[in-house]
Amino acid sequence: MVLVVGGMNQGKYVFAKTISEDVVKDLHMEIRSCMERGENPWALAEQVQLSHPNGVITVAELGCGLIPVDAFDREYRETVGRISCELAKKADAVYRVCCGIPMQIK
């Protein structure tokens, strides 16, 4: 599994498609929906990883901006960050995309 991270609209998906046809786009949005339904986002992340062992997962870096005032949004941002860290540990490679330029960080 390959993890591609970066800010919003920085070219993560475009880059991911150059690596693999099996791309899970915007995992952070799936995590948000999962949390809004009251489901376990960690189980979702594990399921995605197991379902796409040779695929690419893209996730936005949410922790680089302002701290949200809303408690749910703070929990969501922290959860995405922690799940991203766990996925990065397990990934074969990790890329960060900024301004459309991929940089391999693992």
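Higher on the page you've got the structure.
A.B. asks: What is the right way to read the overall build of the protein from this model?
C.D. replies: The helix and strand tally for the protein stands at four helices and five strands. Secondary structure elements of the protein occur, N-terminal to C-terminal, as β-α-β-α-α-β-α-β-β. Scaling as 2.2 N^0.38, a compact globule of 106 residues should have a C-alpha radius of gyration of about 13 Å, and the protein matches this with 13 Å. Counting only C-alpha atoms, the protein reaches 35 × 30 × 20 Å along its principal axes.

A.B. asks: Is there a simple way to explain the sheet that holds strand 5 (residues 101–104) in this structure?
C.D. replies: In any sheet, the strands associate via hydrogen bonds between backbone groups, in a parallel or an antiparallel arrangement. Spatial strand order, 2-3-1-4-5: five strands in an open sheet with mixed pairing. Of all the strands in the sheet, just strand 2 (23–24) and strand 5 have a single pairing partner and so form its edges. Note: strand 1 (residues 2–6) against strand 3 (residues 56–60), five bridges, orientation parallel. From the neighbouring strand, G6 faces strand 3, where its bridge partner is A60. Sitting on the sheet, helix 2 (residues 27–36) is in contact with strand 2 and strand 3, with an inclination near 70 degrees to strand 3.

A.B. asks: What is the right way to look at the side chain of S20 in this model?
C.D. replies: In this fold, S20 is placed in the loop between helix 1 (12–19) and strand 2. On the accessibility criterion, S20 (13% relative accessible area) is buried. Within the structure, the side chain of S20 is placed 2.9 Å from the backbone nitrogen of D22, a separation counted as a polar contact. If near-sequence neighbours (up to four positions away) are discounted, S20 is found in contact with N54, G55 and V56.

A.B. asks: What is the right way to look at the pairing of strand 5 in this model?
C.D. replies: Both faces of the sheet carry side chains from a regular strand, because those side chains alternate between them. Relative to strand 5, strand 4 (residues 93–98) runs antiparallel, the two sharing four bridges. If you follow Y95 over to strand 5, its bridge partner there is Q104. Connecting strand 4 to the next strand, strand 5, in antiparallel fashion are two residues, including C99 with a positive phi near 55 degrees.

A.B. asks: Can you help me understand the packing of aromatic side chains in this one?
C.D. replies: For any pair of aromatic rings, the description rests on two quantities: the centre-to-centre distance and the angle between the ring planes. Applying the stated rule across the entire model yields one aromatic pair. Here the guanidinium or amino end of K25 rests over the ring plane of Y13, the centre of that ring lying 4.7 Å away. Positioned over the ring face of Y76 is R32, at 4.8 Å from the centre of the ring.

A.B. asks: Just to check I follow, could you spell out helix 4 (residues 71–90) for this structure?
C.D. replies: Owing to its 3.6 residues per turn, the α-helix brings residues three or four apart onto one side. End to end, helix 4 covers 29 Å across 20 residues, agreeing with the expected 28 Å (1.5 Å per residue, within 8%). Of all the positions in helix 4, only Y76, R77, T79, V80, I83, S84 and L87 are classed as buried. Looking straight down helix 4, one finds that the buried residues subtend no more than 165 degrees of arc, so they occupy a single side. For helix 4, the secondary structure elements touched by its buried residues are strand 1, helix 2, helix 3 (41–51) and strand 3. N-capping of helix 4 is provided by D70, with a side-chain oxygen placed 3.1 Å from the backbone N of F72.

The rules behind the values
- Residues numbered from 1 in each chain as written.
- Predicted model: local features only at pLDDT ≥ 70, side-chain atom pairs only at ≥ 80, totals over all residues.
- Heavy atoms only, no water.
- Helix = DSSP H or I, 4+ residues; strand = E, 2+ residues; numbered from the N terminus.
- Rg over C-alpha atoms; globule rule 2.2 N^0.38 Å.
- Pairing = 2+ DSSP bridges.
- Contact = heavy atoms within 4.5 Å.
- Axes fitted to C-alpha atoms, helices over the stretch in contact; angles between N-to-C directions.
- Buried < 20%, exposed > 50% of the residue type's maximum accessible area, 1.4 Å probe, protein only.
- Polar contact = N/O pair within 3.5 Å; in protein donor to acceptor, adjacent residues only side chain to side chain.
- Phe/Tyr/Trp six-rings, centres within 6.5 Å; stacked < 30°, edge-to-face > 60°.
- Lys NZ or Arg CZ within 6 Å of the ring centre and 35° of its normal.
- Expected span 1.5 Å × (residues − 1).
- Arc of directions from axis to C-beta.

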